[in-house]
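Analysis of the macromolecular model
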Amino acid sequence: MFIKPDLCRALLHTLSGPGLAVRHLSQARYDVVVVGGGIMGSSTAHWLASRREGLKIGVIEPDPSYNTSATTLSVGGLRQQFSLHENIQIGLYARDFMRNYPYSLFGDQVNTSTVPDVRFQPHGYLFLASEAGYDILKDNHQNQAECGASTVMLSTSQLNEKFPWLNTDGVVAGCYGGDHEGWFDPWALLQAFKLSAVSQGVEYITGRATSFEHSDGQPCQVSVTKADGSGVEVDFDKLLIAAGGDSGHVGLLAGIGMGQGDMGVAIPVEKRKRYVYVPHCPEGPGMDCPLVIDPCGVYFRREGQGGNYLCGQSPTEEQEPEDTDLEVVDMDWFDEQVWPVMASR
């Protein structure tokens, strides 16, 4: 199934459910095919269509509900607190983009009542450092300042004054992004990019890329299997893989990592499972609570006004989950690794 651009005007008024309306098409050749219709694939389709009018772009996405997409399962964070200048500059661009949304995506003439509300919450990130991590935090802040970011270093006394609910035991400093950082609704932003892409002629194919044909050693056609078992062959000039954790696998299907020259280098991406928990803490910090990152890596932030919080912690290499089944959740990880730190902090 495909989304046609001539549906876009109606979609502006009927955006609902798990995704945009779709219908069958006969066209099966594109200048660019994007495998993966999450936030990366859909935003790339939007920018390609914006910068080159008339470019025929097709996006292959197996699940328009995005039920297990990394996009919709993420905490939707936006920050400039990185160590590399390139990442900081990307964060600055994202800050300005989000400040100017929806005009930054749809243009100056957009009717704001007809596009998704991404609900940006500018409550900042707060990285905390122990004595062992202070120099790293300070160096990172210096890099951020060199790039023009507005992050600020806070001493323990300043942290206590600004966030009186925060327990600063074992903390010597923090770096705070203020209203230049925060989080947003990733589902809504994905739908906004998708809507903009469709309005510019991008077509979405609902199905899974299962195999590729090649010409002169380069992929030129992809077989797409739909949910009902039927298939369609899609020809293309250029291929872009934006399939999240499946990108390495899709690359191998396309022969990337199995050929000569550039095609002999595999895409170094594979799935990793992370746990994000939603505890209810009615007596917890209020709406001024930033996304707090403890020196040990445990993070938490407020989610809405109902006393819920999102929290988690990335494991070490030795602690990596052995499977990627999202139906299997390790509650012991929350009880033993996350909650004790979050409660004491």
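Let me begin by describing the structure that accompanies this report.

Reading the values: rules and limits
Residues numbered from 1 in each chain as written. Predicted model: local features only at pLDDT ≥ 70, side-chain atom pairs only at ≥ 80, totals over all residues. Heavy atoms only, no water. Pairing = 2+ DSSP bridges. Helix = DSSP H or I, 4+ residues; strand = E, 2+ residues; numbered from the N terminus. Axes fitted to C-alpha atoms, helices over the stretch in contact; angles between N-to-C directions. Left-handed = near helix turned anticlockwise from the far one by under 90°. Contact = heavy atoms within 4.5 Å. Nonpolar A, V, L, I, M, F, W, Y, C, P; charged D, E, K, R; others polar. Core = buried A, V, L, I, M, F, W, Y, C linked by side-chain atoms within 4.5 Å. Buried < 20%, exposed > 50% of the residue type's maximum accessible area, 1.4 Å probe, protein only.

Spatially, 6 strands are ordered S8-S2-S1-S11-S10-S9 in an open sheet, and the strand pairing comes out mixed. Each end of this open sheet is capped by a strand with a single partner; those strands are strand S8 (203-206) and strand S9 (208-215). With strand direction ignored, the average angle separating the axes of adjacent strands in the sheet is 40°.

A word on the packing of helix H2 (residues 39-51) against helix H8 (residues 186-199). Orientation of H2 relative to H8, taken along the N-to-C sense of each, is 35°, at an axis distance of 8 Å. As H2 packs across H8, the resulting crossing turns out to be left-handed. Note on element contacts: H8 touches H2 through Leu189, Leu190, Phe193, Lys194, Ser196 and Ala197, opposite Ile39, Ser42, Ser43, Ala45, His46 and Trp47. Its residues assigned to classes, the contact of H2 with H8 shows 7 nonpolar, 4 polar and 1 charged.

Formed by 21 residues in total, the largest nonpolar core has its most connected members in Leu126, Leu128, Leu159, Tyr277, Cys311 and Val338. Put simply, the parts of the chain that give this core at least two residues each are strand S4 (125-129), strand S15 (308-312) and helix H10 (331-344). Element by element, the count of residues in this core is highest for H10, at 4 residues. Of all hydrophobic cores here, the second largest spans 17 residues; its members include Ile60, Ala209, Val222 and Val232.

What follows covers the pairing of S15. Extensive coverage of S15 is indicated by the burial of 4 of its 5 residues. Sheet topology note: the strand S12 (residues 276-277)/S15 ladder contains 2 bridges and is antiparallel. Bridge pairing in S15 links Tyr277 to Cys311. Taken together, the 5 bridges between strand S14 (residues 299-303) and S15 define a ladder with antiparallel strand orientation. Of the residues in S15, the one forming a bridge with Phe300 is Cys311. The hairpin turn running from S14 into S15, its antiparallel successor, is 4 residues long, and Gly304 in that turn takes a positive phi close to 75°.

With that settled, the discussion passes to the sheet that holds S15. Pairing is mixed across the open sheet formed by 7 strands, whose spatial order is S5-S6-S4-S13-S14-S15-S12. Two strands close off the open sheet at either side, each with one partner strand: strand S5 (152-155) and S12. The sheet contact formed by strand S13 (residues 291-293) and S14 spans 2 bridges and is antiparallel. Across the sheet, residue Ile293 finds its bridge partner in S14, namely Tyr299. Contacts from helix H6 (residues 134-146) reach S4, S5 and strand S6 (173-176) within the one sheet, and its direction differs from that of S6 by about 25°. Sheet strands in contact with H10 are S12, S14 and S15, and its direction is about 110° off that of S15.

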